[in-house]
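In case you want the letters, here they are:
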Amino acid sequence: MSLEIPKTVAIIMDGNGRWAKAKGLPRTAGHKQGATNVRDIALACNEIGIKKLILYAFSTENWKRPEEEVGFLCKLPGVFFNMFIKELMEKNIRVTFAGELNRFPQDTQDVINKAVSMTENNTGLELCLAINYGSRRELLLGIQKYASEVAQGLRENDLEEDEMSKYLMVEEEVDLMIRTSGEQRISNYLLWQIAYAELIFTPVAWPDFDKKELERCISEYQKRDRRFGGLTS
């Protein structure tokens, strides 16, 4: 057991639609509330001392959803950053992203890139949005990049395991992965990075996931014996 705060936390923000349905609201209302909750949890992580928070905001599979819902999700980054970018700056939070932005409308790309640029010198929490992200796609692109470097003679065909992260969209190993709303699967999220992460599945839907529930998850994490394949002392 350790009282260490996890350095890198990843969250699958699940349950927005079900949260809205339970309240008799359209699914988009759940997504809007979920976006607002990103602000609350980012501020909480910054206060707690977490170094990096990676949020699964939009997966490569989310394009299969109804066109109206996808259109709304594409607009959410603009709504979020227009409301909260000033506060993120004040709290010294740095925004980054993982994924392929080029499939999004240009105004969505612009608002995300602007947030990244505005906050690039901040030194507090790194808030990383996984957007149009899928881990299999990430691994495929990384392997293709490595193979291209070898083919061009830029490096030898000698890739070691500890170098692989350099070819990925997220280099850090995840300490704690949380999925909200009761589902217990990984859903193509950070497959390489969570090799030794502690996994916690909470029944709380993302719009209701608050600082208290975050702290409960961290407390559970601190009770785990992280052996990384070894033995306890």
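Our subject is the structure listed above.
The model shown is predicted, which means the values in this text are computed figures rather than measured ones.

Scoring rules and cut-offs
- The residue numbering used here restarts from 1 in each chain and proceeds along that chain's sequence as written.
- For this predicted model, a pLDDT threshold of at least 70 governs which residues receive local features, and a threshold of 80 or more governs which side-chain atom pairs are given and counted, while totals over whole chains, interfaces and linings are taken from all residues.
- In computing side-chain values, all of the structure's heavy atoms are included and hydrogens and water are not.
- By definition, any uninterrupted DSSP run of H or I lasting at least four residues is a helix, any uninterrupted run of E lasting at least two residues is a strand, and each is numbered from the N terminus.
- Contact definition: two residues touch when any of their heavy atoms are within 4.5 Å.
- Only residues above 30% relative accessible area that lack a salt bridge enter a patch, with like-charged residues linked at up to 9 Å and the nonpolar side chains Val, Leu, Ile, Met, Phe, Trp and Tyr linked at up to 5 Å.
- Note on areas: Shrake-Rupley, 1.4 Å probe, and residue coverage restricted to the protein chains presented here.
- We count a salt bridge whenever a side-chain nitrogen from Lys or Arg sits within 4 Å of a carboxyl oxygen from Asp or Glu.
- Asp and Glu count as negative and Lys and Arg as positive, but His and the ends of the chain are not part of the count.
- Where a charge sits is defined by one atom per residue type, namely NZ (Lys), CZ (Arg), CG (Asp) or CD (Glu).
- In this description, strands pair whenever DSSP reports at least two bridges between them.
- An axis is simply a line fitted to the C-alpha atoms; with a helix, the fit covers only the stretch in contact. Between two such axes, the angle follows the N-to-C directions and lies from 0 to 180 degrees.
- It is the rotation of the near helix from the far one that decides the hand of a crossing: anticlockwise by less than a right angle makes it left-handed, clockwise makes it right-handed.
- Under the scheme applied, nonpolar residues are Ala, Val, Leu, Ile, Met, Phe, Trp, Tyr, Cys and Pro; charged residues are Asp, Glu, Lys and Arg; polar residues are all the others, including Gly.
- Aromatic pairs are defined between Phe, Tyr and Trp rings, using the six-membered ring for Trp, whenever the two ring centres lie within 6.5 Å; interplanar angles under 30 degrees are classed as stacked, those over 60 as edge-to-face, and all others as tilted.
- When accessible area is computed with a 1.4 Å probe and restricted to protein chains, residues below 20% of their type maximum are described as buried, those above 50% as exposed, and intermediate ones as partly exposed.
- Here a polar contact is recorded for every N or O atom pair within 3.5 Å, except that within protein the pair must consist of a potential hydrogen donor and a potential acceptor, and residues adjacent in sequence are included only if both atoms are side-chain atoms.
- Think of a nonpolar core as a cluster: buried Ala, Val, Leu, Ile, Met, Phe, Trp, Tyr and Cys residues, connected wherever their side-chain atoms sit within 4.5 Å.

Describing the environment of Tyr196
Okay, so step 1: Tracing the backbone shows Tyr196 in the loop between β5 (176–179) and β6 (198–201).
Okay, so step 2: On a C-alpha basis, the gap between Tyr196 and Leu176 in space is 8.9 Å, while along the polypeptide they are 20 residues apart.
Okay, so step 3: Excluding residues within four positions of it along the chain, Tyr196 makes contact with Val174, Arg226, Phe228 and Gly229.

What to know about a negative patch on the surface
Okay, so step 1: Side chains of Glu160, Glu161, Asp162 and Glu173 sit close together on the surface and give a patch of like negative charge.
Okay, so step 2: Within the element layout of this structure, Glu160 appears in the loop between α5 (135–151) and β5.

Here's the deal with the sheet that holds strand β4 (residues 126–133)
Okay, so step 1: The strand order across the open sheet formed by six strands is β3-β4-β2-β1-β5-β6, and the pairing between neighbours is parallel. Strands with a single pairing partner mark the edges of an open sheet, and in this sheet they are β3 (94–98) and β6. This sheet shows a mean twist of 20 degrees between the axes of neighbouring strands, independent of strand direction.
Okay, so step 2: With four bridges joining them, strand β1 (residues 8–12) and β5 adopt parallel strand pairing. Across the sheet, the residue bridging to Ile12 is Arg179, located in β5.
Okay, so step 3: Across the face of the sheet, helix α4 (residues 106–119) comes into contact with β3 and β4 while running at roughly 135 degrees to β3.

Brief notes about the packing of helix α2 (residues 27–48) against helix α3 (residues 67–90)
Between two packed helices, the angle of one axis relative to the other and the distance separating the axes together describe the packing.
Okay, so step 1: At a minimum axis separation of 10 Å, α2 and α3 run at an interaxial angle of 30 degrees. Seen along the crossing, α2 lies across α3 with a hand that is right-handed. Contacts between α2 and α3 pair Arg27, Thr28, His31, Lys32, Ala35, Thr36, Val38, Arg39 and Leu43 from the former with Glu69, Phe72, Leu73, Leu76, Phe80, Phe84 and Glu87 from the latter.
Okay, so step 2: Broken down by class, the residue content of the contact of α2 with α3 amounts to eight nonpolar, three polar and five charged.

Structural notes on the packing of aromatic side chains
Okay, so step 1: By the definition in use, this model includes ten aromatic pairs.
Okay, so step 2: One aromatic cluster in this structure is built from Tyr56, Tyr133 and Tyr189.

Focus on the side chain of Asn188
Okay, so step 1: Considering the arrangement of structural elements, one finds Asn188 in the loop between β5 and β6.
Okay, so step 2: The exposure class assigned to Asn188 is buried, which follows from its relative accessible area of 16%.
Okay, so step 3: For Asn188, the side chain forms a polar contact with the main-chain nitrogen of Arg136, separated by 2.8 Å.
Okay, so step 4: Ignoring anything within four residues of it in the chain, the contact list for Asn188 reads Tyr56, Thr60, Glu61, Tyr133, Gly134, Ser135 and Arg136.

Considering the nonpolar core
Okay, so step 1: Of all hydrophobic cores here, the largest spans 44 residues; its most connected members are Ile11, Leu53, Leu55 and Phe81.
Okay, so step 2: Those elements that provide at least two residues to this core are β1, α2, β2 (52–59), α3, α4, β4, β5 and α6 (211–223).
Okay, so step 3: Of the residues forming this core, the biggest block, nine residues, is contributed by α3.
Okay, so step 4: Not counting the four nearest positions on each side in its chain, Leu53 is found in contact with Val9, Ile11, Ile41, Ala42, Cys45, Leu125, Glu126, Leu127 and Cys128.
Okay, so step 5: Core analysis: the next-biggest nonpolar cluster, separate from the first, contains 15 residues, Ile12, Ile54, Ala130 and Val170 among them.

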